[in-house]
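# Overview (structure and organization)
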Amino acid sequence: MKKSVYSICGMCTVRCPIRVEVEDNKATWIEGNQHLLKGALCAKGAAAAALVADRERPQQPLLRDGSRGSGKWKKVSWPTALDYIADKLKKIKAEHGPESVVLSSRGGPWQDMYKSFIHAFGSPNYTNHDVTCGRNTHHASLSINGVGRKDFAYDIKNAKHLILFGRNMFSSLRIAENLQTLDMLDNGGHLTYVDVRQTITGLKATRFMQVRPGTDYALALGMIHEIIKREVYDKKFIEKYVSGFEDLCRFIEPYTAAWAAKECGVREKAIKNFVDEIAEEMPKVIFHPGWNLSRYGDSFYASRALHILNILMGNIEQKGGLIIPKGPGDCGHKGLRNINIPKPDIKRADGVGWKYPHFDKGPGLAHLFFETMETADPYPLKAWIAMRHDPFSCLPDPRKQMEYFDHLELLVSIDTHYSEFGWYSDVILPECTFLERDSIIITQKGPKPRFAVRRKALEAENDTKASWEIFKGLADRLGMEDYFPYNTMEEYWQWQLEPTGYTIEDFDEKGFIELADSPVMFDPENLDDRFKTPSGKVEIISEKLTCAGLPSLKEYQSPIQPPRGMFRLVYGRSAVHAHGHTTNNPLLNELVPRNTLWINTKAAERLGISHGDLVDVISEDESYSGTVPANVVDYIHPEAVYTLHGFGKEIPLQTRTFNSGISDQKLMVGKLNDWDKAGGGINLCQSFVTVVKSVKNPQRRVEL
Ligand SMILES: Nc1nc2c(c(=O)[nH]1)N[C@H]1C(S)=C(S)[C@@H](COP(=O)(O)OP(=O)(O)OC[C@H]3O[C@@H](n4cnc5c(=O)[nH]c(N)nc54)[C@H](O)[C@@H]3O)O[C@H]1N2
Ligand SMILES: Nc1nc2c(c(=O)[nH]1)N[C@H]1C(S)=C(S)[C@@H](COP(=O)(O)OP(=O)(O)OC[C@H]3O[C@@H](n4cnc5c(=O)[nH]c(N)nc54)[C@H](O)[C@@H]3O)O[C@H]1N2
Ligand code: SF4
Ligand SMILES: [Mo]
């Protein structure tokens, strides 16, 4: 039987809208939703059928049957696995209180359900991956605009200039954003790209600035200086909406374009030419405030500087600028109902909200749970449930993490794959793939808001379940059935949609329900209540930061040079893989089966390394090393080496990727506690490694 199903891709967390053609319960064609993406899809999305067919994934619940990490598993039924977890959780709750259980997930629009589960259980300790992703930029946005990083949409298509600091968008994809950027370039728009190495994005850019690693803040300061000196800023916007501009003018004085050029290694003239250009193009100029900008000790301030640059452009709620996303209420519609059980009024174990009052309490800061595991201060932690989250890939130094997790009595992984954390845990609950499950309806805010839904395209082939069934199964066993009072997703959808007047059939035509025919824009002359800061203004000086003893405008400090003979380890993504969970996908593994080490030509020459030679990459304390081919290139800064995240995995059942390549997070030894006290993010690019030509080199060179 043939059918066509609109759904939402789940090969990565960008969640592109898709259409799937199905024949005899097999996906025969997957494309981006024509109504939104004109059919465009990335290689990962297209490889979803191979994910479904892959048997190197857990196919039924597993209970650990040896020591942690031994790889010995007992296959059990769902009732047995859920009973086991529920019994353990009840015992832990009785002995240590519900707050001793932590649930981490990959965040996103479906998190309401997982968050509600842990809140209903009685624990405030929900957390997510974001300390190694967008936390610094999120907190930067909150401190300036009073709203988070996702509270702006970028109208790239209509922009005249897009500036990307380390936002390698043509590898680290987001299909809708990529299409918009290509349209902007076709319309004659400019793209300025800043990175420590040349990339696909850099090649598409109209201007590439190669910087010394960790000096983006200096470059942004130099740009601000030049803009203020020449008065290339929106005076009206600043007068009306911004406080602290005079402080900024005083602060920025020493940070000239010439100074920035010297610090970053770009030409002064390039900075000045750039300002000439944007002077003509503003307000249709977008400084992307960074996404995964959690890498250096001053990334929070670098992101603040990028937000300030947007403010100077006066681009908020302007065509070709930063648009405030609209929800159903902004276009005359009622919103969806959603399960949303409030957080219990108990101190968080990570200290967020009381020890660290300036951070967003929502998901807290994942890395701050580890010390609590050891010290039991403010209270003991006893269980960790990882839902679509792999702490061992996400956070640095998995070996150190293991030591901390060993203080816990229960580790559960709810995953489609064997994650590295799952392999070490006590129970693996296998979720079915995204093509095999329904999910709750979500609201996608934006200039044209919509409701969207992931719908099952295939019946599950294995003994796997959707996360909503898993959480319901646990809730029923824990006396929390009242919080999850539905038996099917159809029932839940109906309940969600009731206030809106729509039905699930309304999604059939396009896969989503559009709530506005054309972009909804607020009046840019009347944005007074849009900035949710204490003063209601865009705050260049944040009282919240001052109260936390932190500067709002921080003096620039040059990053330290790598110790002699070492390199700064930087990392990133490929368009073909999503972090570590696609590296064993049969199709994607064929395209990129392992990572390499990018190294500058001159640096390689000094070490006697030629392109394609195998090199050993060794952590600072020499406790971890791996061997990969060298990718010797001119266009990476000589202080840095670069590798692709997601490799160096040690799960024997994943035969295609077992021990292939190196793991950047395993090279980040001792870095679990190296984090930014102002932004909350982990400083992932503050590790140094030694590189030597490997003795494992064969006679013949490995082709790259
Ligand atoms: N060293 C280093 N650390 C990093 C990064 C880096 O590049 N280098 N990147 C950082 C960034 S930006 C991020 S966002 C984080 C990401 O780190 P994580 O949050 O751990 O994210 P993922 O690897 O995307 O996925 C986590 C788990 O979800 C599982 N999964 C995938 N699909 C499904 C599904 O449909 N259902 C369920 N239940 N599970 C599923 C995967 O198998 C995987 O085990 O890592 C961060 N940490
Ligand atoms: N294909 C694919 N797409 C993805 C993902 C994926 O796993 N695969 N993950 C998604 C996720 S979770 C995220 S967070 C985003 C991340 O999207 P991006 O924020 O674009 O992150 P990365 O790919 O990590 O890009 C990091 C870039 O920063 C550069 N870099 C390192 N140090 C510096 C520095 O000091 N200055 C500057 N300017 N650049 C530096 C690196 O060389 C690299 O090119 O991508 C998303 N899209
Ligand atoms: S970027 Fe690719 S893998 Fe990610 S959701 Fe979109 S199509 Fe799927
Ligand atoms: Mo991320």
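Residues numbered from 1 in each chain as written. Chains lettered and ligands numbered in written order. Predicted model: local features only at pLDDT ≥ 70, side-chain atom pairs only at ≥ 80, totals over all residues. Heavy atoms only, no water.

### Describing the side chain of Ser303
Residue position: Ser303 is located in helix H14 (residues 299-313). Excluding residues within four positions of it along the chain, Ser303 makes contact with Thr137, Ala140, Pro289 and Leu293. (Helix = DSSP H or I, 4+ residues; strand = E, 2+ residues; numbered from the N terminus. Contact = heavy atoms within 4.5 Å.)

### Describing the pairing of strand S13 (residues 285-288)
Side chains Val285 and Phe287 project from S13 onto one buried face, and the interleaved Ile286 and His288 project onto a second face that is buried too. Note that strand S9 (residues 161-165) and S13 share four bridges and pair parallel. What sits directly across from Leu164, in S13, is His288. (Buried < 20%, exposed > 50% of the residue type's maximum accessible area, 1.4 Å probe, protein only. Pairing = 2+ DSSP bridges.)

### What to know about unusual backbone geometry
The omega angle of the peptide bond from Met282 to Pro283 is 10°, so this bond is cis rather than trans. In this model, Asp377 is joined to Pro378 through a cis peptide bond whose omega is 15°. As for its placement among the helices and strands, Pro378 is situated in the loop between helix H15 (369-375) and strand S15 (383-387). Of note, the phi angle at Asn25 is positive, near 60°, even though the residue is not glycine. Mapped onto the elements of the fold, Asn25 is located in the loop between strand S2 (17-23) and strand S3 (26-32). The phi dihedral of Glu231 is positive, around 55°, even though this residue is not glycine. If you trace the backbone, Glu231 turns up in the loop between helix H9 (216-229) and helix H10 (235-241).

### Describing the sheet that holds strand S6 (residues 101-105)
Spatial strand order, S5-S4-S17-S16-S15-S6-S7: seven strands in an open sheet with mixed pairing. Two strands close off the open sheet at either side, each with one partner strand: strand S5 (73-75) and strand S7 (126-128). Direction aside, neighbouring strands of the sheet carry axes that sit 20° apart on average. Both S6 and S15 contribute to a ladder of five bridges, which runs parallel. Within S15, the position partnered with Val102 by the bridge is Trp384. Contacts from helix H4 (residues 78-96) reach strand S4 (62-64), S6, S15, strand S16 (410-415) and strand S17 (427-430), with the element oriented near 130° to S17. (Axes fitted to C-alpha atoms, helices over the stretch in contact; angles between N-to-C directions.)

### Here we look at the site of ligand 1
Around ligand 1 lies a shell of 27 residues, among which Arg106, Cys394, Asp415, Glu431 and Asp664 are the nearest. Residue Arg388 places a side-chain N or O atom 3.2 Å away from an oxygen atom belonging to ligand 1. The separation between an oxygen atom of ligand 1 and a polar side-chain atom of His417 is 3.0 Å. Here ligand 1 loses 97% of its free accessible area of 910 Å² to cover by the protein chains. Elements that contribute at least two residues to the shell around ligand 1 include exactly helix H16 (391-394), S16 and helix H24 (664-667). Both domain 2 (62-132 + 335-443 + 458-508) and domain 4 (566-693) contribute no fewer than three residues apiece to the shell around ligand 1. (Near = heavy atom within 4 Å. Polar contact = N/O pair within 3.5 Å; in protein donor to acceptor, adjacent residues only side chain to side chain. Areas by Shrake-Rupley, 256 points an atom, 1.4 Å probe, with all protein chains shown as cover. Domains from an automatic or database assignment.)

### What about the sheet that holds strand S1 (residues 2-8)?
The antiparallel open sheet is built from three strands, whose spatial order is S1-S2-S3. The sheet terminates laterally at S1 and S3, the two strands that pair on one side only. Strand-to-strand twist in this sheet, taken as the mean axis angle between neighbours without regard to direction, amounts to 25°. Of the strand pairs in this sheet, S1 and S2 are connected by seven bridges, and their pairing is antiparallel. Each residue of the ladder has a partner; that of Val5, found in S2, is Val20.

### A closer look at the packing of aromatic side chains
Enumeration according to the criterion identifies 35 aromatic pairs in this entry. Measuring from centroid to centroid gives 5.3 Å for Phe251 and Tyr255, while their planes differ by 50°, and the two rings are tilted. For the pair Phe251 and Tyr255, a shared accessibility class is recorded, and that class is buried. (Phe/Tyr/Trp six-rings, centres within 6.5 Å; stacked < 30°, edge-to-face > 60°.)

### With respect to the environment of Asp613
In this structure, Asp613 sits in the loop between helix H23 (601-606) and strand S24 (614-618). For Asp613, a relative accessible area of 4% translates into the label buried. Sequence separation of Asp613 and Val632 is 19 residues, and the distance between their C-alpha atoms is 9.2 Å.

### Points about the domain arrangement of the chain
The domain boundaries assigned to the chain delineate domain 1 (2-53), domain 2 (62-132 + 335-443 + 458-508), domain 3 (153-323 + 522-547) and domain 4 (566-693). A C-alpha centroid distance of 30 Å is found between domain 2 and domain 4. With 27 residues of domain 2 at the interface, the matching set in domain 4 holds 29 residues. Taking both sides of the interface into account, the surface hidden between domain 2 and domain 4 amounts to around 2,200 Å²; carbon and sulfur atoms contribute 61%. Across the domain 2-domain 4 interface, the total number found is one salt bridge. Of the charged contacts, one joins Glu420 and Lys666 as a salt bridge, the two residues approaching to 3.0 Å between their closest N and O atoms. Across the domain 2-domain 4 interface, the total number found is 10 residue pairs in polar contact (both at pLDDT 80 or more). Secondary-structure elements contributing two or more residues to the side of domain 2 that touches domain 4 are H15, H16, helix H17 (398-405) and helix H18 (420-424). The dominant element in the side of domain 2 that touches domain 4, judged by the number of residues it contributes, is H17, at five residues. (Buried area = accessible area lost by both parts, 1.4 Å probe. Salt bridge = Lys/Arg side-chain N within 4 Å of Asp/Glu carboxyl O.)

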